[in-house]
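The residues making up each chain are set out below.
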Amino acid sequence: MPTFHFTRTPIDAADLRRALADPACGGFACFEGWVRDHNDGRRVQHLEYEAFEALALREGERIIHEAMTRFGVTRAACAHRLGDLAIGEVAVWVGVSAPHRHEAFLAARYIIDEVKHRVPIWKKEHYLSGDSGWVNCERCASAPGADAARHGHSQPR
Amino acid sequence: MCGSWRSPAAGALSGAAARVSHVQAPVYGLVLAGGRSSRMGEDKAALPYAGRSQLERAMTLLAPHVARAYVSVRRDQKAEPVRAQFAQIEDRLDDAGPIAGLLAAQARHPEVAWLVLACDLPLLDESTLTHLLAARDPAALATAYRSSNDGLPEPLCAIYEPGSRGALEQHVASGEYCPRKFLLKAGVHLIEEPNPRALDNINTPQEYAAASRTLLRESAITAKHFTVQYYALLREQAGRSEETLESSARSPRELYGELSARYPFTLPAELLRVAINAEFADWSTPLNDGDEVVFIPPVAGG
């Protein structure tokens, strides 16, 4: 199974965790990102995710590979949901198994941070008030380019 | 030669400007389309070259390089269809020529530097703009090309720093309206043209016909087919998720400029990344026929 994948159905955490089991590992660290009912002071009704899958899969695999070599962990995987998600659902799942807990925590943290910054995935928030907006895109777009860049929304690299 | 144009007084002025602007001011763009085109006999901004008006070509070329792009117009030109599709800044002085357009732009946004372009440079190319921006000296009052024809500064493909405003106003107050004379006496950073033909201006029907033939020939040679995929906000603004189009864009930057003229995109190129054939690429990567191009809005996974 690829170590980074997308799914349009609910993430089965038990299944993903089983795939990382290894007799040489004494620690397993996991991060789950959940759909929250509010963001930036607005009440969120549901979320919608889309991805540029061909590139996202490559970039996701690269991140997992970087984490494994950088922290020397045994196995690592990440799953991300696409489509419409309700409040409380798991949007992203990261799991890492390693001989010891320290590297497992570091690698899991690295993977989720890099995925959020580098993988071409977009999130649209649908608000209780009826309107919606693409996260990180709409407010900077209405400001002049220079201001938007100063707000730190410009992408890394 | 360059140093002799910088008088001691102007040098002092530019030094003051440098101290005031601790941070390099952002650059806005201004295409001057307020002229009367009297020698041409028809509106130079509306003249078509290889199927697109000169104004549209200039705005498409300029927009990806600046934080905002405007067209400079006289009051009676505001509703004219070629000009009406762009953000406008109206002249405040009548018949004062290009300098009126620049002063009106500086009055609207005194805090930014203005990259000013004439509307009769059909051969202007990408490299002439990128070189001008890269060679910009924010401590000078302006950065301009030295004309390969006469060695004089070229005022209408130049960057005017915020600090030039006072000196420009004095220039006009003293009855001078010639922007080249202004550059000759101001503290101006002069640079060499990467492509000397790029700044050939068009004033007569004969010159128009010659430039038009050159560009038609070039576009026939350079036209390529690209597939563009749109995601998230760009998909909604383009009203489609994919299209195949013919274009003579040489780089993703030029292609995004063309698409920005066609669709109401609100994301400036500097907030996007670009992918060619499903791999991250640089904005200046040469595009090949058949390439699949994706402009990537700010991401938000997790």
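Scoring rules and cut-offs
- Residues numbered from 1 in each chain as written.
- Chains lettered and ligands numbered in written order.
- Predicted model: local features only at pLDDT ≥ 70, side-chain atom pairs only at ≥ 80, totals over all residues.
- Helix = DSSP H or I, 4+ residues; strand = E, 2+ residues; numbered from the N terminus.
- Buried ≥ 20, exposed ≤ 12 C-beta atoms within 10 Å, placed from the backbone.
- Contact = placed C-beta atoms within 7 Å.
- Pairing = 2+ DSSP bridges.
- Axes fitted to C-alpha atoms, helices over the stretch in contact; angles between N-to-C directions.
- pLDDT = per-residue confidence, 0-100.
- Parallel < 35°, antiparallel > 145°, perpendicular 65-115°, else oblique.
- Left-handed = near helix turned anticlockwise from the far one by under 90°.
- Nonpolar A, V, L, I, M, F, W, Y, C, P; charged D, E, K, R; others polar.
- Core = buried A, V, L, I, M, F, W, Y, C linked by C-beta atoms within 7 Å.

(A) Inspection of the overall build of chain A at higher detail. A tally of regular secondary structure across chain A gives five helices and nine strands. Going residue by residue from the N terminus, the α and β elements of chain A occur as β-α-β-β-β-α-β-β-β-α-β-β-α-α. Burial status across chain A gives 36% buried among its 157 residues. For chain A, long-range pairs separated by at least 24 residues make up 75% of all intrachain contacts whose partners lie at least 6 apart in sequence.

(B) Representation of the sheet that holds strand β2 (residues 27–34) of chain A in the model. Residues and elements named next belong to chain A. Strands sit in the order β1-β5-β7-β2 across an open sheet of four strands; the sheet is mixed. Because the sheet does not close on itself, it has two edges, and the strands there are β1 (4–7) and β2. Pairs of neighbouring strands in the sheet enclose a mean axial angle of 10°, with direction left out of account. Bridge count between β2 and strand β7 (residues 90–98): eight bridges; the pairing is antiparallel.

(C) Expanded view of the confidence of the model for chain B. Residue and element names in this part refer to chain B. Per-residue pLDDT for chain B has a mean of 88; in total, 92% of the residues score no lower than 70. For residues 1–22, every residue scores under 50 in pLDDT, and the model assigns this stretch 29 contacts once sequence neighbours within four places are set aside. Overall fold confidence for the complex sits at a pTM of 0.61, while the interface term, ipTM, reaches 0.88.

(D) Examining the interface of chain A and chain B more closely. Listed per partner, the contact involves 32 residues of chain A and 23 residues of chain B. Counting residues per element, the ones that place at least two in the side of chain A that touches chain B are α2 (53–71), β7, α3 (101–118), β8 (121–127), α4 (138–142) and α5 (145–150) of chain A.

(E) Spotlight on the packing of α2(A) against α3(A). Residue and element names in this part refer to chain A. Where α2 contacts α3, the axes come no closer than 9 Å and their chain directions differ by 155°. In terms of axis orientation, α2 runs roughly antiparallel to α3. You can see that α2 and α3 cross each other, and the crossing is right-handed. In contact with E59, G60, I63, I64, A67, R70 and F71 of α2, α3 contributes E103, L106, A107, Y110, I111, E114, V115 and R118. Split by residue class, the contact of α2 with α3 holds nine nonpolar, one polar and five charged.

(F) Representation of helix α10 (residues 252–262) of chain B within the structure. In terms of burial, α10(B) is a largely internal element, nine of the eleven residues being buried. Of all the positions in α10(B), only P252(B), R253(B), E254(B), L255(B), Y256(B), G257(B), E258(B), L259(B) and S260(B) are classed as buried.

(G) Quick peek at the environment of Y177(B). Residue and element names in this part refer to chain B. Its place among the elements puts Y177 in the loop between α6 (165–173) and α7 (179–185). Accessibility expressed as a C-beta count within 10 Å gives 15 for Y177, which makes it partly exposed. Taking C-alpha positions, Y177 is 8.3 Å from A100, a pair spaced 77 residues apart along the chain.

(H) Quick look at the nonpolar core. In this structure, A67(A), V73(A), A76(A), C78(A), A107(A), I111(A) and L234(B) are the most contacted members of the largest nonpolar core, which totals 62 residues. Element by element, the count of residues in this core is highest for α3(A), at seven residues. The contact partners of I111(A), leaving out residues within four places of it in the chain, are I63(A), I64(A), A67(A), A76(A), C78(A) and V94(A). A25(B), A113(B), C119(B) and A167(B) belong to the second-largest nonpolar core, a separate cluster that totals 59 residues.

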